[in-house]
Each structure stands twice: as C-alpha cells, then as structure tokens.
Amino acid sequence: DVKVTQSSRYLVKRTGEKVFLECVQDMDHENMFWYRQDPGLGLRLIYFSYDVKMKEKGDIPEGYSVSREKKERFSLILESASTNQTSMYLCASSENGWVETQYFGPGTRLLVL
Amino acid sequence: QQQVKQSPQSLIVQKGGIPIINCAYENTAFDYFPWYQQFPGKGPALLIAIRPDVSEKKEGRFTISFNKSAKQFSLHIMDSQPGDSATYFCAASMSGTSGSRLTFGEGTQLTVNP
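Computed from a predicted model, the values in this text were never measured in an experiment.

This next bit is on the layout of surface pockets. There is about 580 Å³ of room inside the largest pocket. Lining the largest pocket we find 28 residues, and of these Gln37(A), Arg109(A), Gln38(B), Thr87(B) and Gln109(B) sit closest to its centre. Breaking the lining of the largest pocket down by element, the ones donating at least two residues are strand S4 (31-38) and strand S9 (87-94) of chain A together with strand S9 (86-92) and strand S11 (108-113) of chain B. Across the lining of the largest pocket, the residue classes tally to 9 nonpolar, 14 polar and 5 charged.

Structure, rendered in structure tokens:
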C-alpha cells in the first residue's frame, strides 16, 4: 500500500512566521505535488516536482517555495505566513507512467492568526 | 482560470437515489479523466477514471459518462448509500507525460441520507 504522510495534521502559526510543511512517501515515486484545498475552489496546485532537486510552479505559487533534497521527501515552505494562507494543504505522489494515479496524504490544516 | 468546471457544489439525496455530478473541461488536449473521492479527515483517493475513446465506464455502483463533443463528463452513483457521503472531485490531465499534473474541479459535497 502506498503511504503518503504529512508531518502535522493541524498547525497554528502567527502572521510573519516561517512555516515548514513536510511530506514523505514510501513508494519510491518520482513525482510529488503540493495542493491547497479551499471550499468552493477545489484542489489548486501550488508546486510539483518530478525529480530530486527539480521543481515546477503550479497555478498558485506566490508566497510559497518548495524543497526536494531526497526522492521521498517534499517540503512546502511559507516564507512569511499570511492570514490568506489559512487552508488545508495536501501532498500527493505518483510514479511515472502512461496514466499517473496520485496518492494523497491526509492533509495539514493550517491556521494563520 | 478554472479549466475544469464542476457542478453542483453540494448535493443531498436519499438512500437508493442516483446522484449525478457533472464536469466540463476546456482543454481539448486532456485525455484522462479521473474522479477522486474524499472522506472527512482523509486525503482524496482515486475512485474511477475514463479515457475519451469510450463513452461510458462502470465500476460497481459508480459510472462515468463521457461526451467528447460537448467536452463534458459526469459521475453517476447507483443505489447510493450513506457510506457514499463524501466530497467528489473530477479532474483532467494529459496522459503520457512524465509528472503530468491533474487539473481538478471545484468539488461536490454529497450527502446520502438514510
């Protein structure tokens, strides 16, 4: 069974803090993704990575950065958290193939005060 | 710019009813259309998927109908059960590309009353 784990289920941070969200997958998948989920907006892609040290911007990268130093780990960084970054953050991974099913972690609910 | 539009945003049916969730896409290069199901407190998980060379795909009580000319596809849940209560997301992507990204719809929160 594919397992994608996220470091925290709930986080409360203050405006201006630097926030790290960690994601680890155990299936040696090449591709990893960070989404944010907001009611009525669905899942929006922030960044993704198709290889170690590679990253690509998604649809809403502003205010975020990512790091992928090891294949199994993909980190999302909020350099200076703002209240409009309060959201549910979902990590996913997939392996290369003709059709790439994405496997999601349970999510981190972040509240920025 | 939402390339995949999903409706309705929420849906309530009685047990045994047939909820229908609709999606429309814009990019004609999309050729893979999965549906993901998300239960509270969990991440989304793949439910069923279709490619545009077929007009319908059925897996158990779940059926995808696909209309390529209209650029629309829909999910039907036959004999719905309270355990089907979840949020459903349609998505679209271009297959055959490494690291291919999914474009998701807005989601539909389905409630099946007993």
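Another aspect to go through is the pattern of salt bridges. All names here are of chain A. In this structure the tally under the stated criterion is 11 salt bridges over all chains. With its nearest N and O atoms 3.5 Å apart, the salt bridge here joins lysine 18 to glutamate 79. Of this pair, lysine 18 sits in the loop between strand S2 (10-13) and strand S3 (19-25) while glutamate 79 sits in the loop between strand S8 (73-78) and S9, placing them 61 residues apart in sequence. Judged by relative accessible area, lysine 18 falls into the partly exposed class, the value being 45%. Between aspartate 28 and lysine 71 there is a salt bridge, and its shortest N-O distance comes to 3.2 Å.

The subject of this paragraph is the packing of aromatic side chains. Under the criterion given, the structure shown has 17 aromatic pairs over all chains. Ring geometry for Phe33(A) and Tyr35(A): centres 6.3 Å apart, planes at 25°, overall stacked. Summarising the burial analysis for this pair, Phe33(A) and Tyr35(A) share the class buried. One aromatic cluster is present, built from ring pairs that chain together Phe33(A), Tyr35(A), Phe48(A), Phe104(A), Tyr36(B), Phe89(B) and Phe104(B).

With the rule as written, the count across this model stands at 2 disulfides over all chains. There is a disulfide in this structure between Cys23(A) and Cys91(A), and the S-S distance comes to 1.9 Å. Residues Cys23(A) and Cys91(A) share a disulfide whose torsion about the S-S bond is about -80°; that sign makes it left-handed. Of this pair, Cys23(A) sits in strand S3 while Cys91(A) sits in strand S9, and the two are 68 residues apart along the sequence. A disulfide bridge connects Cys23(B) with Cys90(B), and the sulfur atoms are separated by 1.9 Å. Between Cys23(B) and Cys90(B), the S-S dihedral sits near -95°, and the bridge is therefore left-handed. Pair noted here: Cys23(B) is in strand S3 (residues 20-25) and Cys90(B) is in strand S9, with a separation of 67 residues, a long-range link. Just as Cys23(B) is buried, Cys90(B) falls in that class too.

About the cut-offs
- Residues numbered from 1 in each chain as written.
- Chains lettered and ligands numbered in written order.
- Predicted model: local features only at pLDDT ≥ 70, side-chain atom pairs only at ≥ 80, totals over all residues.
- Heavy atoms only, no water.
- 1 Å grid on protein atoms, 1.4 Å probe; cavity = no way out; pocket = protein on both sides within 12 Å on 5 of 7 lines; lining within 4 Å.
- Points joined across faces, edges and corners; volume = space filled by probe spheres on them.
- Helix = DSSP H or I, 4+ residues; strand = E, 2+ residues; numbered from the N terminus.
- Nonpolar A, V, L, I, M, F, W, Y, C, P; charged D, E, K, R; others polar.
- Salt bridge = Lys/Arg side-chain N within 4 Å of Asp/Glu carboxyl O.
- Buried < 20%, exposed > 50% of the residue type's maximum accessible area, 1.4 Å probe, protein only.
- Phe/Tyr/Trp six-rings, centres within 6.5 Å; stacked < 30°, edge-to-face > 60°.
- Disulfide = S-S within 2.5 Å.

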